[in-house]
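What the coordinates show
The lines below spell out each chain.
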Amino acid sequence: HCIVHIYDTSTDFAVLVLWGIYAAEEQGDINHEHVDLLSFLLPSIVLIFFYRICYALYHWTVFKDSSFDSAWDLLFILLDVYIYKLVYQQFALRYLSPCFIQKKLQFLESIFESMPQCVMQSIFLIRTYETQLAQTNLIYLLWLSIAGSFFSIVMKFAYDDMEYISDDAHTFMSMPYVAVKVFRVCETIARFSIFTLLWCIVGGAFLPLYLMLDL
């Protein structure tokens, strides 16, 4: 979990940094074809912090006035390092699977960060096809980021699937196990493709509707 989270977060952050650099260039004499970088940069930043604030409020509401109530935890959530504390505690207690709190955190991250980032980065690839930006190293970084976000999403929903499947599907590499994993991968690809194509047609105004439907 930690390795996937580090990879996904670091590639997303690198993309945001490059989008910020190109957006700053657009404030000068440079005009990048077919894209308004601020329309990609600002929503990405808002969504990243929105999910962290939502989870911090959820955590505070659940654990306030209890022995688990900690201001440090809220800070860790806002800095996106709370997942490492959770994983460490679960290793120390010898948990065999992620706890409910970790699943909730990862679910919100997949809804508000990973999937929107996948969609926006894919739209960026489509709009910059055969432009000057398509010749930069940003394109390779975008593919790496999309792959990381996709893998992160599949892993998070796959854990939820385990609660609703038969015992046969819990056996590693059994036919039911493989069928569940293949279904989750195909479902995620289909959902991701639909959201991306809808964005191409109706624009970013579709994103709030997507978030409401997914919740």
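In this text the structure is predicted, and so the values were computed from the model without any measurement.

1. Topic: the overall build of the chain
Along the backbone of the chain there are eight helices and zero strands. Beginning at the N terminus, the succession of helices and strands in the chain can be written as α-α-α-α-α-α-α-α. In the chain, 68% of the contacts between residues at least 6 apart in sequence involve partners at least 24 apart. Surface accessibility of the chain: about 12,200 Å² in total, with carbon and sulfur atoms responsible for 69%.

2. Observations concerning the nonpolar core
In this structure, Trp 19, Phe 124 and Leu 142 are the most contacted members of the largest nonpolar core, which totals 44 residues. Secondary-structure elements contributing two or more residues to this core are helix H1 (2–26), helix H2 (37–63), helix H4 (82–92), helix H5 (100–127), helix H6 (138–161) and helix H7 (175–202). Ranked by residue count, the leading element in this core is H5, at twelve residues. Among residues more than four places away in sequence, those in contact with Phe 124 are Trp 19, Val 35, Leu 37, Phe 40, Leu 133, Leu 138 and Leu 142.

3. Here we look at H5
Owing to its 3.6 residues per turn, the α-helix aligns residues three or four sequence positions apart on the same side. Between its terminal C-alpha atoms H5 stretches 39 Å, which fits the 40 Å expected from 28 residues at 1.5 Å a residue. For H5, the principal kink sits at Ser 110 and spans about 45 degrees. The buried fraction of H5 is high, at 22 of 28 residues.

4. Side note on the pattern of salt bridges
This model, assessed by the stated rule, comprises three salt bridges. Across the pair Asp 80 and Arg 52 runs a salt bridge whose closest N-O atoms are separated by 3.4 Å. Here Asp 80 is found in the loop between helix H3 (71–78) and H4, whereas its partner Arg 52 is found in helix H2, with 28 residues between them in sequence. For Arg 52, a relative accessible area of 11% corresponds to the buried category. In this structure, Arg 184 and Glu 187 form a salt bridge, with 2.8 Å as the shortest nitrogen-oxygen distance. Taken together, the positions of Arg 184 and Glu 187, both in helix H7 and three residues apart, correspond to about one turn of that helix.

5. Let's talk about a nonpolar patch on the surface
On the surface, a cluster of nonpolar side chains totalling about 600 Å² of accessible area is made up of Leu 38, Leu 42, Ile 45, Phe 49, Ile 53, Leu 57 and Leu 78. Looking at the nonpolar patch element by element, the count peaks at six residues for H2. Along the chain, the position of Leu 57 falls in helix H2.

6. Remarks on the packing of aromatic side chains
Taken as a whole, this structure holds six aromatic pairs when the rule is applied. Arranged with centres 5.5 Å apart and planes meeting at 50 degrees, the rings of Trp 19 and Phe 40 form a pair that is tilted. Of this pair, Trp 19 sits in helix H1 while Phe 40 sits in helix H2; the two residues are 21 residues apart in sequence, bridging distant segments of the chain. Using a relative accessible area of 0% as the deciding quantity, one classes Trp 19 as buried. A relative accessible area of 2% means that Phe 40 is categorised as buried. Both rings, one in Phe 40 and one in Phe 124, keep their centres 5.4 Å apart while their planes meet at 90 degrees; by these two values the pair is edge-to-face. Note that Phe 40 is positioned in helix H2 and Phe 124 in helix H5, a separation of 84 residues in sequence. According to the relative accessible area criterion, Phe 124 is buried, its value standing at 0%. One aromatic cluster is present, formed by Trp 19, Phe 40 and Phe 124 through successive ring pairs. The ring of Phe 49 carries Arg 52 above its face, with NZ or CZ at 5.3 Å from the centroid.

About the cut-offs
- Residues numbered from 1 in each chain as written.
- Predicted model: local features only at pLDDT ≥ 70, side-chain atom pairs only at ≥ 80, totals over all residues.
- Heavy atoms only, no water.
- Helix = DSSP H or I, 4+ residues; strand = E, 2+ residues; numbered from the N terminus.
- Contact = heavy atoms within 4.5 Å.
- Areas by Shrake-Rupley, 256 points an atom, 1.4 Å probe, with all protein chains shown as cover.
- Core = buried A, V, L, I, M, F, W, Y, C linked by side-chain atoms within 4.5 Å.
- Buried < 20%, exposed > 50% of the residue type's maximum accessible area, 1.4 Å probe, protein only.
- Expected span 1.5 Å × (residues − 1).
- Bend = angle between axes of the 7 residues up to and from the residue.
- Salt bridge = Lys/Arg side-chain N within 4 Å of Asp/Glu carboxyl O.
- Patch = residues over 30% accessible without salt bridge, like charges linked within 9 Å, V, L, I, M, F, W, Y side chains within 5 Å.
- Phe/Tyr/Trp six-rings, centres within 6.5 Å; stacked < 30°, edge-to-face > 60°.
- Lys NZ or Arg CZ within 6 Å of the ring centre and 35° of its normal.

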